[in-house]
There are 2 protein chains.
Amino acid sequence: MTAAAATALDDLRAALPADVLVTEPAALEVARADRSGHSSTGAPLAVVEATEVAHVQAAMRWASAHGVAVVPRGAGTGLAGGANAGPGELVVSVDRMRRLLDVSLVDQTCTVEPGIRNLELDELLAGHGLWWPPDPASRAISTVGGNIATNAGGLLCAKHGVTREWVLSLDVVLADGELIRTGHRTVKGVTGLDLTALVIGSEGTLGIVVGAVLKLRPAVTGAVWTVGAFFSDEERAAAACTAITAARLRPAIMELVDREGVGMLAAYTGEPLAGAFVLLQADEAGAEEVARTAAAMLEAHGGTVEVTDDPARSDLLVQVRRQVHFALESFGTILVEDVSVPRSRMADMFRICRDAAARHGVRLPVTCHAGDGNLHPTFVFEGGGPDGTEPPAAVWAAADEVFQAAIALGGTLTGEHGVGTLKRRWLVDELGERQLALQHAIKAAFDPQGILNPGKAL
Amino acid sequence: MTAAAATALDDLRAALPADVLVTEPAALEVARADRSGHSSTGAPLAVVEATEVAHVQAAMRWASAHGVAVVPRGAGTGLAGGANAGPGELVVSVDRMRRLLDVSLVDQTCTVEPGIRNLELDELLAGHGLWWPPDPASRAISTVGGNIATNAGGLLCAKHGVTREWVLSLDVVLADGELIRTGHRTVKGVTGLDLTALVIGSEGTLGIVVGAVLKLRPAVTGAVWTVGAFFSDEERAAAACTAITAARLRPAIMELVDREGVGMLAAYTGEPLAGAFVLLQADEAGAEEVARTAAAMLEAHGGTVEVTDDPARSDLLVQVRRQVHFALESFGTILVEDVSVPRSRMADMFRICRDAAARHGVRLPVTCHAGDGNLHPTFVFEGGGPDGTEPPAAVWAAADEVFQAAIALGGTLTGEHGVGTLKRRWLVDELGERQLALQHAIKAAFDPQGILNPGKAL
C-alpha cells in the first residue's frame, strides 16, 4: 500500500466502528477468490465487514471521494469471479448483515438483509408456512444477496421461476453513498422504470444491495413424488426430458447428469452407478399423477426407472444429483460453465460438449437443469484454482466452442451464475456492439466514476 | 402544419409504402385519445401504420433526423394517456403488426408481433394446449405490445404473475432507428443487464417494441371452480379476502366490487344485486378443495356464498365482475385509477376511497384485484373525455388524497395501467428525487434527444 493510500484509509477507519474495517492479511487473502477456481492477482486494500446500512454508505462515500474501486461481496460462493477483489480495491462485504427483519403472512412478503443464507431463510419461513422459491444448488452456503446479484436460478426454475420473479423491492446504496429504495411492497406496481429488475443480475456494478423485500408463496404441502432413471446415454435422457415438457407435465425438478458425471460420482462414492441419470420431482396437488406419467415416459424412452414417495428413498435419489459437484471437485480444480439453450436443443448441446472435450483432450462432465435447458459443463483439470494460475489453454479452447455453440443454438453464455470476470470476453458475441454500448451507458448513469466492481459483468 | 414540417414529412413519405403513412384527419383525430377519458390538445402530424419492422425503423430514422417527437401506439386501449399524440408529434402504430410467428411446444415459447390481441393469442395458443397468463380485463381489445408497454397485470396475477414474468426477449427499435434484441429465448439467462425487464413497463419511452418472445406454460386443464359471495360492506369483504390469502390458499382469481359498484351494476342490468361482491376462482389440481375451503371462510366472514363448477353458472358470476366497467361507463365519463397496496391494507384503502369521495362530493365506485391488493377506484363524472376538457377539480382533489394514502400505506400509484400523462405529477412523491433523476439518466442513455413519448411516464 502506498503512503497516500494508507492516509486515505485512515479517513475510512475514522468513519467506521473499530471491528468493521478489516485489514488482516488472512481476511484480504480470502477476498481474492470465490468458488470459481479463480482468484485475483493480489490482495485488496481492506475489507469493510458492514453490519449496518450506514457502514456501506460510509464506505461508498469514502470510495467515491478517493476514486477507489469497490468490490461488493457476500459469502463468496460465486462461480464466475464476480466477487474477487484485487490490489488497490476495497471490499464491501454484507456477509454479516443477515437478519430476517419481518415476515407478513397476508402480504406474503418478508424483508431481509442481503447476507442471510438461502437455507437459513428457508427454515425461518417454513415456520410461517411460507416459501421463497429461488433454490441455487449452493443454498446451504450462499446468500440471498448473491441470488440477487446474479439473478440466481437453481433446480426449481422451470416451474417456480428465478430470483427476479420473487423480489419486490431493493434498498440499494449508490456509488456516492446515497440510499434508494426501488420497486414496491405490492404484488403489482409499474411506477417508473423497473430498477429492481435492472439491479437484479447486475453483479454489483450498479450499486450495493443492502436490503430486499421478497415475494413469498405458501409452502408446498402434501407428498412430494420422486423419479430416478438411468439411460444408456445423455441424448436419450435429454430426449425423454424434452418429451416430458412437450407433454405439458410440470415437474418441480427435472435434472440430468451425463455418463461421465455419473461415472465420476460412482468412483467418488464407490456406488455401482452407470449411465446418464435423470432426477424428477413433482410437488403440489396432482404430484403422484405427474410423477407416474413422467416415469412411464422415461421408461418408454429406454430408461430404467424408479418412482417413490418415500422421503428417505427420495432423498437418496436427490443426493445422486446433489453430490456430483463434490465428486467432480475430488478429481481436481473445477471450472463450472453455465450455458442455457432452448429446451429443444439440449440433446444437441450434450453432444457438442462431448465432441469439444474429445477434440481438446479435456475432461468435461455435464450436469443439466433439464426442466429449463440450463447446462453446467464442468471442466476438471490439474492446477489453476486459488493460486491464481490460469486453467490450461485447452480448457479455454473447448469453452470457446461450447459458448459459441450455445449462442448459435439461440442460447446464452450464462443461465444463472453471471458473467463475472470469466465470461466477459464472449459478451459482445451474445449482445452485439450496440446493446453492449447501451449497457455501458446505463452503468455510467449509475456509476459515472466507474468504481463499482470494475472489470466485472460488463 | 408549417411548410417546413410538410417538406420534412415528404421525406418520410418517400421512405415508406403509400398506405403506411396516414394523414387523413379522422385517423389523426383517433390518435389523440386512448380510453382514459383524456385526449391531447390537438391532432398529431401523421400516423405511421407500420406493417413491418423496417417501417418503424424508417420512421425513427426520420424522427431523429428531424427532432420530431414520436408516440408509439397499439390499439389505443390504455387508461393513462400514454398513447395520446398531440400537435407536432408523429404516431408510430404497430396496430397492424399482429402475427403469431412461431410456437414451440417443447420450448414453451412463442414469437409474436406486438399488435396481436390478447384474446386472439389466447385462442391460437389454446390449439397447442399452451397459455400466456397475462390477462388484462381489456383482453378482447388490447394488444400484447400494450401489456409489455405497461407491464400489464389483470385478474390472475396473484397466482400466475404479471407480464414481466412471461416475456423472455424483445425486439426493440431504438430512437435512431437501430434494432436490438434483448434477453434470451431460454428460461434462464443473465448475460448483461436485464434490458428486457427495463423496457417492459417503460410506456414507449425507451424504444418501440416490434417483436417479443413470450414464455408460455401448459394450459390449465380440469374443472375450474367458482365462488361468488355478497357482503354487507367492502371492509368485511376485504377482510375475508385477506384471510383467504393468510390461510395460504392460492385461488387463480380473487376480485372484489364495492357496494357502490354493485349498485351501479344493478341499475345498469336491472338485476336485483346489492352489497359488496367477491368473486373467486380456483384452477389446476386441487381446485375444488381450494374453492370449498375459501367458500367456508367467506361464509364465516358474513358472506352469502355460492360455489359452482357449472361453466354456465360460473360464467354468470364472472360477468358480475366483468360488466362493472361497462355499467360505470353508462353513467358518465370515467377515470379509472389504479393504486396498489399491500394486501393487509386493502380494507383501509376501501375506507379511504369512500371518505375521499364523500368529502369531495364525487362518485367513486371501486373494483379490486383482491388477490394482489390492486384497487381501481373509478371516478364517474359529467364532462371531460375525448373533447379534451379536464375532469372537475373535485376529482383531482379526491384522486390526490387516494394517491397520497396509497403511497403512505406502502403502496404505489399504479399497479398495472402505467403513469402515462395522468399520474406524472405524483411520480416524485413515490420515487423520490434521486431515483427519479436516475430514471431520467437511463432514459437519456436510450434516447438522448428525448423524442420517444416525451411527457409520458417519467
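Quick caveat, the model's predicted, so the values are computed rather than measured. (Residues numbered from 1 in each chain as written. Chains lettered and ligands numbered in written order. Predicted model: local features only at pLDDT ≥ 70, side-chain atom pairs only at ≥ 80, totals over all residues. Heavy atoms only, no water.)

Asks: Can you help me understand the overall build of chain A in this one?
Replies: Across its full length, chain A holds 16 helices and 18 strands. Against the globule reference of 23 Å for 458 residues, chain A gives a C-alpha radius of gyration of 22 Å, in line with a compact fold. With respect to the principal axes defined by its C-alpha atoms, chain A has extents near 70 × 55 × 45 Å. Looking at chain A as a whole, 62% of its 458 residues qualify as buried. (Helix = DSSP H or I, 4+ residues; strand = E, 2+ residues; numbered from the N terminus. Rg over C-alpha atoms; globule rule 2.2 N^0.38 Å. Buried < 20%, exposed > 50% of the residue type's maximum accessible area, 1.4 Å probe, protein only.)

Asks: What am I meant to see in the pairing of strand β5 (residues 100-104) of chain B here?
Replies: As a general feature of sheets, a regular strand has side chains that alternate between the two faces. Residues and elements named next belong to chain B. One ladder, built from 4 bridges, connects β5 with strand β6 (residues 109-112); its direction is antiparallel. Counted as the bridge partner of Leu-100 is Val-112 from β6. Counted between consecutive antiparallel strands, the loop separating β5 from β6 contains 4 residues, among which Gln-108 sits at a positive phi close to 50 degrees. (Pairing = 2+ DSSP bridges.)

Asks: Any chance you could explain the nonpolar core here in plain terms?
Replies: Generally speaking, soluble globular proteins have nonpolar side chains that are buried together. Ranked by internal contacts, the top residues of the largest apolar core, which has 58 residues, are Leu214(A) and Leu214(B). Those residues in contact with Leu214(B) that lie beyond four places of it in its chain are Gln108(B), Thr109(B), Cys110(B), Val112(B), Leu121(B), Trp132(B), Val144(B), Trp166(B) and Val167(B). (Core = buried A, V, L, I, M, F, W, Y, C linked by side-chain atoms within 4.5 Å. Contact = heavy atoms within 4.5 Å.)

Asks: Any chance you could explain the interface of chain B and chain A here in plain terms?
Replies: For interface size, the figure often reported is the accessible area lost on association. With 80 residues of chain B in contact, the opposing surface of chain A contributes 80 residues. For the pair chain B and chain A, the two sides together bury roughly 6,700 Å², of which 59% comes from carbon and sulfur. The salt bridge partner of Arg434(A) is Asp176(B), with a shortest N-O separation of 2.9 Å. Applying the counting rule to chain B against chain A returns 39 residue pairs in polar contact (both at pLDDT 80 or more). No other element matches the 8 residues that helix α16 (residues 433-446) of chain B contributes to the side of chain B that touches chain A. Tallied by class, the residues present in the side of chain B that touches chain A amount to 28 nonpolar, 32 polar and 20 charged. (Buried area = accessible area lost by both parts, 1.4 Å probe. Salt bridge = Lys/Arg side-chain N within 4 Å of Asp/Glu carboxyl O. Polar contact = N/O pair within 3.5 Å; in protein donor to acceptor, adjacent residues only side chain to side chain. Nonpolar A, V, L, I, M, F, W, Y, C, P; charged D, E, K, R; others polar.)

Asks: Help me understand the domain arrangement of chain A in this model?
Replies: Residue and element names in this part refer to chain A. Each assigned domain of chain A is listed with its residue range as follows: domain 1 (3-93), domain 2 (100-218), domain 3 (221-320) and domain 4 (332-447). Placing the centre of domain 1 and that of domain 2 at their C-alpha centroids yields a distance of 23 Å. With 12 residues of domain 1 at the interface, the matching set in domain 2 holds 14 residues. Summed over both sides, the interface of domain 1 with domain 2 buries roughly 1,100 Å², with 70% coming from carbon and sulfur. Counting across the domain 1 and domain 2 interface gives 0 salt bridges. Counting across the domain 1 and domain 2 interface gives 1 residue pair in polar contact (both at pLDDT 80 or more). Sorting the residues of the side of domain 1 that touches domain 2 by element identifies α3 (53-66) and β3 (70-73) as the ones contributing at least two each. With 6 residues, the single largest contributor to the side of domain 1 that touches domain 2 is α3. (Domains from an automatic or database assignment.)

Asks: What am I meant to see in unusual backbone geometry here?
Replies: In terms of backbone geometry, most residues other than glycine have negative phi values and most peptide bonds are trans. Phi is positive for Ala457(A), which is not a glycine, with a value near 65 degrees. You can see Ala457(A) is positioned in the segment after α16 (433-446). For Glu203(B), which is not glycine, the phi dihedral falls at a positive 55 degrees. Along the polypeptide, Glu203(B) turns up in the loop between α7 (195-199) and β10 (208-215). Look at Glu203(B) and you get buried, because its relative accessible area is 8%.

Asks: Just checking my understanding: could you explain helix α9 (residues 259-269) of chain B for this structure?
Replies: For an α-helix the count is 3.6 residues per turn, leaving residues at separations of three or four pointing the same way. Taken as a whole, α9(B) has its buried residues at Gly261(B), Val262(B), Met264(B), Leu265(B) and Ala266(B). If you follow the buried residues of α9(B), they end up packed against β12 (225-231), β13 (253-257), β14 (276-282), α11 (311-322), α12 (324-329) and β18 (374-381) of chain B.

Asks: What is the right way to read the pattern of salt bridges from this model?
Replies: Oppositely charged side chains may form a pair once their charged atoms are brought near each other. Throughout the structure, instances matching the rule amount to 72 salt bridges over all chains. The salt bridge involving Asp348(A) is made with Arg345(A); its shortest N-O contact spans 2.8 Å. Its relative accessible area of 22% is what places Asp348(A) among the partly exposed residues. Here Glu260(B) makes a salt bridge to Arg363(B), at a shortest N to O gap of 3.0 Å.

Asks: Is there a simple way to explain the sheet that holds β12(B) in this structure?
Replies: Hydrogen bonds along the backbone pair up the strands of a sheet, which may run parallel or antiparallel. All names here are of chain B. Pairing is antiparallel in the open sheet, where 7 strands are placed in the order β15-β12-β14-β13-β17-β18-β16. Looking along the sheet, the strands with just one partner apiece sit at the ends: β15 (304-308) and β16 (333-336). Each strand of the sheet is rotated relative to its neighbour by a mean of 15 degrees, with strand direction disregarded. Sheet topology note: the strand β17 (residues 366-369)/β18 ladder contains 4 bridges and is antiparallel. Residue pairing across strands places Cys-368 opposite Leu-375, the latter belonging to β18. Together, β12, β14 and β15 form the strand contacts of helix α10 (residues 287-300), whose direction differs from that of β12 by roughly 5 degrees. α11 rests against β12, β13, β14, β15 and β17 of the sheet, and its axis sits at about 130 degrees to β14. (Axes fitted to C-alpha atoms, helices over the stretch in contact; angles between N-to-C directions.)

Asks: Sorry if this is basic, but what is going on with the relation of the copies chain B and chain A here?
Replies: Both copies of the chain are related through a single rotation about an axis accompanied by a shift along the same axis. Once turned by 180 degrees and shifted 0.0 Å along the axis, chain B lies on chain A with an RMSD of 0.0 Å. Taken together, the turn and the small shift mark the pair as related by a two-fold rotation axis. Interface overlap between copies: 100% of the residues of chain B at the interface are likewise at the interface in chain A, consistent with a symmetric, same-surface contact. (Least-squares fit on C-alpha atoms with pLDDT ≥ 70 in both.)

Asks: How do you make sense of the pairing of β18(B) when you look at a structure like this?
Replies: Residue and element names in this part refer to chain B. Among the 8 residues in β18, 8 count as buried, and that is most of the element. Residues of β18 alternate between two faces, with Asn-374, His-376, Thr-378 and Val-380 on one and Leu-375, Pro-377, Phe-379 and Phe-381 on the opposite face, all of them buried. Taken together, β17 and the strand that follows it, β18, pair antiparallel across an intervening segment of 4 residues, in which Gly-373 is found at a positive phi of about 85 degrees.

Asks: Please clarify how the sheet that holds strand β8 (residues 167-173) of chain A should be interpreted in this entry.
Replies: All names here are of chain A. Strands sit in the order β5-β6-β10-β8-β9 across an open sheet of 5 strands; the sheet is antiparallel. Of all the strands in the sheet, just β5 (100-104) and β9 (179-183) have a single pairing partner and so form its edges. Adjacent strand axes in the sheet meet at a mean angle of 15 degrees when their direction is disregarded. Where strand β6 (residues 109-112) meets strand β10 (residues 208-215), 4 bridges bridge the pair, whose relative direction is antiparallel. Note that in β10 the partner of Thr-109 across the bridge is Lys-215.

Asks: Any chance you could explain α3(A) here in plain terms?
Replies: All names here are of chain A. The end-to-end C-alpha distance of α3 is 20 Å, a good match for the 20 Å that 14 residues give at a rise of 1.5 Å each. Along α3, the positions that sit buried rather than exposed are His-55, Val-56, Gln-57, Ala-58, Ala-59, Met-60, Trp-62, Ala-63 and Ser-64. Downstream of α3 by one or two residues, Gly-67 has phi in the positive range, about 65 degrees. (Expected span 1.5 Å × (residues − 1).)

Asks: Where do I start with the state of the cysteines in this structure?
Replies: By definition, a disulfide links the sulfur atoms of two cysteine residues through a covalent bond. On inspection of all chains with the given rule, the structure shows 0 disulfides over all chains. Sulfur of Cys241(B): no disulfide; nearest cysteine sulfur belongs to Cys368(B) and is 7.3 Å away. (Disulfide = S-S within 2.5 Å.)

Asks: Just to check I follow, could you spell out the packing of helix α8 (residues 234-246) of chain B against helix α13 (residues 346-360) of chain B for this structure?
Replies: Pairs of packed helices are described in terms of their axes, by the angle between the two and the distance that separates them. All names here are of chain B. Two numbers describe how α8 lies on α13: the axes approach to 8 Å, and their chain directions differ by 160 degrees. Judged by the inter-axis angle, α8 sits roughly antiparallel to α13. As for how α8 packs across α13, the hand of that crossing is right-handed. Across the interface between the two elements, Glu-234, Glu-235, Ala-238, Cys-241 and Thr-242 from α8 touch Met-346, Ala-347, Phe-350, Arg-351 and Arg-354 from α13. Tallied by class, residues from the contact of α8 with α13 come to 5 nonpolar, 1 polar and 4 charged. (Parallel < 35°, antiparallel > 145°, perpendicular 65-115°, else oblique. Left-handed = near helix turned anticlockwise from the far one by under 90°.)

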